[in-house]
Amino acid sequence: MNVAIYGQNNEANGIEIIDLSQIQIRLMNKFENESIEKRSSILIDSIYKPYQYLWSGYLGDESDFTDWLNNIAFKELPSYNKKAENINLKKLNKYFFKTVDSMQAFTKQESRGKWYIFFGPKWTNLGGFSDGTMLIDLAHASNNSLEEIAAFFPHEINHQIYSNNNTQDENAVLYRILDEGFACYVGHLFHNGKTTIADELYYSELEYKTCIQSEEELIKLLKKHYKSNDEKISSSFADRGYQFSEKYPGAIGYYIGFRIVEEFVRRNGKDSWQKIYKMSPEKVLRKNRILK
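Residues numbered from 1 in each chain as written. Predicted model: local features only at pLDDT ≥ 70, side-chain atom pairs only at ≥ 80, totals over all residues. Heavy atoms only, no water.

Colleague: Whenever I open this one, the pattern of salt bridges confuses me. Can you help?
Modeller: Under the criterion given, the structure shown has 10 salt bridges. The salt bridge involving Asp45 is made with Lys49; its shortest N-O contact spans 3.6 Å. Its relative accessible area of 27% is what places Asp45 among the partly exposed residues. Salt bridges here are not isolated pairs; linked through shared partners, they connect Glu215, Arg259, Glu262, Glu263, Arg266 and Arg267. (Salt bridge = Lys/Arg side-chain N within 4 Å of Asp/Glu carboxyl O. Buried < 20%, exposed > 50% of the residue type's maximum accessible area, 1.4 Å probe, protein only.)

What follows is the structure, encoded as structure tokens:
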């Protein structure tokens, strides 16, 4: 049986959304009670092969896909159905494009890039590949409502705006720190008081307070590593599961980057954050004098 049904593509203002979630739900419900061989074949032809870039980069090859599909995904189908209803998948697309328009007006910058929306192995809520392609894995525990997902949109859209204006050349560590901190800063401005700084950093208030109290040590950490081009160290600054010290929260680069931007704005004027899109990270760091 050949089921030639593919995901929905929507494109506007330089942003393309490839929404696999609705067709995934439809096919999984329709073929749930078929043999493993039959339903695997259908999902491979309709979901994996047409979007192999997504699945191979995020999950693995066809074998990994079918293992996940039959050992995890079909068992979690009731929760997928519930999430699809709670989130309202059609409304999610519309709200996303509305946020893209609002962010372009707010930042005075164009955004370009590709987004995939799907149910996957729930390894990230909103994440991305190194080329700027963004992912929304609706199966992730934190993706339970439109409001919860939409709260992350400005942050992730800012990553695409920034990367389109400022390509990483060297100093991978500083680029990653500034990219994450800048996204948090712009998200906080965009939400206009509806979120706290801790919310934007994805920290608890206690974790944020700990960062403030440890700032002198964190600046020393920045000074030690900011010139590095080591991708492993770069990832460590953005990894929620990695702690440079047991007293610091994970993804400490978010806080450090936020402080770099905050100090830059304090020294250069309240609207100076808009200049960061087209300034090298090294120049931003020099002009804020946070390293003294």
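From this point, things continue past the structure.
Colleague: Before we go on, may I ask you to explain the pairing of strand E2 (residues 15–19) in this structure?
Modeller: Across a regular strand the side chains alternate sides, sitting on one face of the sheet and then on the other. By the criterion of burial, E2 is predominantly enclosed, with five of the five residues buried. The alternating pattern of E2 places Ile15, Ile17 and Asp19 on one face and Glu16 and Ile18 on the opposite face, and all of these are buried. Sheet topology note: the E2/strand E3 (residues 113–118) ladder contains five bridges and is parallel. In the sheet register, Ile17 faces E3, and the bridge partner there is Trp115. (Helix = DSSP H or I, 4+ residues; strand = E, 2+ residues; numbered from the N terminus. Pairing = 2+ DSSP bridges.)

Colleague: When you look at a positive patch on the surface in this model, what are you seeing that I'm missing?
Modeller: A contiguous patch of positive charge on the surface is contributed by Lys275, Lys283, Arg286, Lys287 and Arg289. Of note, Arg289 is situated in the segment after helix H15 (281–288). (Patch = residues over 30% accessible without salt bridge, like charges linked within 9 Å, V, L, I, M, F, W, Y side chains within 5 Å. Areas by Shrake-Rupley, 256 points an atom, 1.4 Å probe, with all protein chains shown as cover. Lys, Arg positive; Asp, Glu negative; His and termini not counted. Charge placed at Lys NZ, Arg CZ, Asp CG, Glu CD.)

Colleague: Any chance you could explain the packing of helix H1 (residues 21–31) against helix H2 (residues 36–48) here in plain terms?
Modeller: Between two packed helices, the angle of one axis relative to the other and the distance separating the axes together describe the packing. It is at 10 Å that the axes of H1 and H2 come closest, and there the two elements cross at 165 degrees. As far as their axial angle goes, H2 and H1 are roughly antiparallel. As H1 runs across H2, the sense of the crossing is right-handed. Residues Ile23, Gln24, Leu27, Met28 and Phe31 of H1 form the contact with H2, whose participating residues are Arg39, Ile42, Leu43, Ser46 and Ile47. Within the contact of H1 with H2, the residues separate by chemical class into seven nonpolar, two polar and one charged. (Axes fitted to C-alpha atoms, helices over the stretch in contact; angles between N-to-C directions. Parallel < 35°, antiparallel > 145°, perpendicular 65-115°, else oblique. Left-handed = near helix turned anticlockwise from the far one by under 90°. Contact = heavy atoms within 4.5 Å. Nonpolar A, V, L, I, M, F, W, Y, C, P; charged D, E, K, R; others polar.)

Colleague: Whenever I open this one, the confidence of the model for the protein chain confuses me. Can you help?
Modeller: A low pLDDT score tells you not to read the predicted coordinates there in detail. Confidence in the prediction of the protein chain, expressed as mean pLDDT, is 92, and 95% of residues score 70 or more. Predicted confidence is poor over residues 1–7, with pLDDT under 50, and the contacts of this stretch with residues over four places away or in other chains come to 19 contacts. (pLDDT = per-residue confidence, 0-100.)

Colleague: Help me understand the pairing of E3 in this model?
Modeller: Two elements, E3 and strand E5 (residues 134–137), share four bridges in a ladder whose sense is parallel. Bridging from a neighbouring strand, Phe118 pairs with Asp137 of E5.

Colleague: Sorry if this is basic, but what is going on with the packing of helix H9 (residues 172–191) against helix H14 (residues 252–268) here?
Modeller: For the pair H9 and H14, interaxial distance at closest approach is 7 Å and the crossing angle is 70 degrees. The angle between H9 and H14 places the two elements in the roughly perpendicular class. Contacts between H9 and H14 involve Leu174, Ile177, Leu178, Glu180, Gly181, Phe182, Cys184 and Tyr185 from the former and Gly253, Tyr254, Ile256, Gly257, Phe258, Ile260, Val261, Glu262 and Val265 from the latter.

Colleague: Whenever I open this one, the layout of surface pockets confuses me. Can you help?
Modeller: To locate leftover empty space, one rolls a probe as large as a water molecule over the atoms. Its volume calculated, the largest pocket comes out at about 990 Å³. Residue lining of the largest pocket: 32 residues in total, with Gly127, Gly128, Phe129, Arg176 and Glu180 positioned closest to the centre. At the level of secondary structure, the elements contributing two or more residues to the lining of the largest pocket comprise strand E4 (126–128), E5, helix H8 (153–165), H9 and helix H13 (231–238). The dominant element in the lining of the largest pocket, judged by the number of residues it contributes, is H8, at five residues. Taken as a whole, the second largest pocket encloses approximately 330 Å³ of empty space. Lining the second largest pocket are 14 residues, with Tyr95, Ala150, Phe190, His191 and Lys194 sitting closest to its centre. (1 Å grid on protein atoms, 1.4 Å probe; cavity = no way out; pocket = protein on both sides within 12 Å on 5 of 7 lines; lining within 4 Å. Points joined across faces, edges and corners; volume = space filled by probe spheres on them.)

Colleague: Looking at this structure, I do not really get the nonpolar core. What am I missing?
Modeller: With 95 residues, the main nonpolar core has Trp55, Phe65 and Ile260 as its most contacted residues. If we ignore the near neighbours within four places in the chain, the residues touching Trp55 are Leu20, Gln24, Ile47, Tyr48, Gly60, Phe65, Trp68, Phe118, Phe119 and Gly120. (Core = buried A, V, L, I, M, F, W, Y, C linked by side-chain atoms within 4.5 Å.)

Colleague: How should the side chain of Thr107 be read in this particular structure?
Modeller: Tracing the backbone shows Thr107 in helix H6 (residues 89–107). For Thr107, a relative accessible area of 0% corresponds to the buried category. Within the structure, Thr107 has its side chain in polar contact with the backbone oxygen of Met103 (distance 2.8 Å). A distance of 3.2 Å separates the side chain of Thr107 from the backbone nitrogen of Gln109, its partner in a polar contact. When sequence neighbours within four positions are dropped, the list of residues in contact with Thr107 reads Asn158, Ile161, Val186, Trp273 and Tyr277. (Polar contact = N/O pair within 3.5 Å; in protein donor to acceptor, adjacent residues only side chain to side chain.)

Colleague: How should I be thinking about the environment of Asp239 in this particular structure?
Modeller: Tracing the backbone through its elements, the reader meets Asp239 in the loop between H13 and H14. Looking at Asp239, the relative accessible area reads 37%, which means it is partly exposed. Sequence separation of Asp239 and His155 is 84 residues, and the distance between their C-alpha atoms is 16 Å. With sequence-adjacent residues up to four places away left out, Asp239 is seen in contact with Gly250 and Ala251. A polar atom in the side chain of Asp239 sits 2.8 Å from the backbone nitrogen of Gly241.

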